[in-house]
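Tertiary structure, described
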Amino acid sequence: LYAFGDTEAALDIWNQLAEGEDRWARVRSERALIQHRLEDGRITPKQAADRLDELRYAWRGDRVEFELLRDLGRLRLEENEFEEGLAALRQSVTFFPDNPESRDLAFELTEAFSDIFTSGVAEAMTPLQALALYDEFKELTPAGARGDEMIRNLADKLVEVDLLDRAAEILKAQVQFRLEGEEKARVGSRLGLIYTLAEDYQRALEVLQGTNEPNLPQDLVDQRRHLRAQILAGMNQAGDALALLQEDESEAAELLRMEIFWNRGEWREAAKSLRLLVKMSGAKPDLPVTETQATRLINYAIALTNSGGERAVSQIKSEFGPAMAGTKFAEAFELVTAPAEIGTLDPGRVTAKVKEVETFLTAYRDKLKDGVPLSSLN
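Read on for a plain summary of the structure. Model, not experiment: these values are computed from the prediction.

Turning to the nonpolar core, a few remarks are in order. Within the largest apolar cluster, 93 residues are counted, with the highest numbers of intra-cluster contacts made by L86, F117 and M324. Sort the elements by how many residues they give to this core and helix α16 (residues 291-306) lands first, with 8 residues. Setting aside residues no more than four positions away along its own chain, F117 makes contact with A122, A130, L133, Y134, M150, N153 and L154. If you look at the next biggest cluster of nonpolar residues, it comprises 13 residues, including V27, A49, L72 and L75.

Right, let's talk about α16 for a bit. For α16, which comprises 16 residues, the first-to-last C-alpha distance of 23 Å matches the rise-based estimate of 22 Å (1.5 Å per residue) to within 8%. By the criterion of burial, α16 is predominantly enclosed, with 14 of the 16 residues buried. Once α16 ends, the next one or two residues include G308, with phi positive near 80°.

Attention now goes to the packing of α16 against helix α17 (residues 310-325). One can describe the packing of α16 onto α17 by two numbers: an axis separation of 10 Å at closest approach and a directional angle of 160°. The orientation of α16 with respect to α17, classified from their angle, is roughly antiparallel. Read as a crossing pair, α16 and α17 show a hand that is left-handed. Facing A294, L297, I298, Y300, A301, L304 and T305 of α16, the residues of α17 in contact are A312, V313, I316, F320 and M324. When its residues are assigned to classes, the contact of α16 with α17 shows 11 nonpolar, 1 polar and no charged.

Relative to the elements of secondary structure, V289 occurs in the loop between α15 (267-280) and α16. When the C-alpha positions of V289 and F320 are compared, they lie 8.8 Å apart, and in sequence the two are 31 residues distant. Among residues more than four places away in sequence, those in contact with V289 are A294, L297, F320, A323, M324 and T327.

We now examine helix α11 (residues 201-210). By the burial criterion, the buried members of α11 are Y201, A204, L205, V207 and L208. Within α11, the buried residues cover an arc of 160° as seen down the axis, which keeps them to one side. Close packing links the buried residues of α11 with α10 (181-197) and α12 (218-234).

Once that is clear, we can look at the packing of aromatic side chains. This model, assessed by the stated rule, comprises 6 aromatic pairs. Where F66 meets F96, the ring centres are 6.1 Å apart and the plane angle is 85°; that geometry is what we call edge-to-face. Of this pair, F66 sits in helix α4 (residues 63-78) while F96 sits in the loop between α5 (82-95) and α6 (102-118), placing them 30 residues apart in sequence. Each member of the pair, F66 as well as F96, carries the same accessibility label: buried. Between the aromatic rings of F113 and F137, the centroid separation amounts to 6.4 Å while the plane-to-plane angle is 55°, which identifies the pairing as tilted. Taken together, the residues span a long stretch of sequence, with F113 in helix α6 and F137 in helix α7 (residues 127-137) at a distance of 24 residues.

Procedures and definitions
- Residues numbered from 1 in each chain as written.
- Predicted model: local features only at pLDDT ≥ 70, side-chain atom pairs only at ≥ 80, totals over all residues.
- Heavy atoms only, no water.
- Core = buried A, V, L, I, M, F, W, Y, C linked by side-chain atoms within 4.5 Å.
- Buried < 20%, exposed > 50% of the residue type's maximum accessible area, 1.4 Å probe, protein only.
- Helix = DSSP H or I, 4+ residues; strand = E, 2+ residues; numbered from the N terminus.
- Contact = heavy atoms within 4.5 Å.
- Expected span 1.5 Å × (residues − 1).
- Axes fitted to C-alpha atoms, helices over the stretch in contact; angles between N-to-C directions.
- Parallel < 35°, antiparallel > 145°, perpendicular 65-115°, else oblique.
- Left-handed = near helix turned anticlockwise from the far one by under 90°.
- Nonpolar A, V, L, I, M, F, W, Y, C, P; charged D, E, K, R; others polar.
- Arc of directions from axis to C-beta.
- Phe/Tyr/Trp six-rings, centres within 6.5 Å; stacked < 30°, edge-to-face > 60°.

Keep in mind that these numbers describe shape and distance, not what the molecule does.
Below you can see the structure in the form of structure tokens.
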């Protein structure tokens, strides 16, 4: 009757059966009434889902339960109740594998799961909520690029709030079981960076060694070399790190060299690197200075001061003093360029006035703090 447009007659029959004693007829009638009221706007999707959730326990074990679970899952997902929705769809597929519709529903389930992490929906979740959902349903992660994108987005979200260990876990599984070739090397670099940020240098080195693929793009080769040098320096193998960077004239390599010399108290060599870094930053005496330029100038002055370069410090003060005077770094700059400090300046004395010496890793940390996703760093 309902299919032929005789809605009132159909509703009358359903209402009678819904209050009858025949459980088979009661469940089917209730389900039909819920669907009608939802389409008619008399109840919300949330209300319809709640009623289906109650009704599913009234009848178990055949196509009706399959359809109840299917409809319940779809409604829960529509209301962004992701865990409940995915669970209902998974039960429908799992409990009724022989149902002709199960295969299509299994595909729908996988698509719904990946959509949460690839369509921006997961942005409304906290990282811990997103991680809990992934852990509960990770077997639904699709193969191929779609699944890799999903994992990448989740890892970005975890690194953003410094959950490095959990981000490492999911990227490690991706590297081991899902990727090959260039993409394996690229994600391996991200995983190596996470371990390096956590100062787990041995694991970082093992990851780089295990993802060393042939015929990689030059930018990725360079990034992996720089990361390896940072790892070696962290493992107190500074000589090997410097040897690895010997022919490298990039800014990242110079930052690494400077950091090694700085940490070893080799102030003359640190000053040489910082002079190049100031030049690379584009700092000029007649232009306003950026925060990066100001930090490099101050660290350059510290290194020169501790290497006895009084004349060079005086020149820096003369050239950049006016530009630095108008910045928040003015007091620190005055301190490190004061003639009385030559040869005696402890870098720790200026850390309250200026951020710590710039390093290879601070560039990554600053980008991550500014909301740049981990996956955008290579």
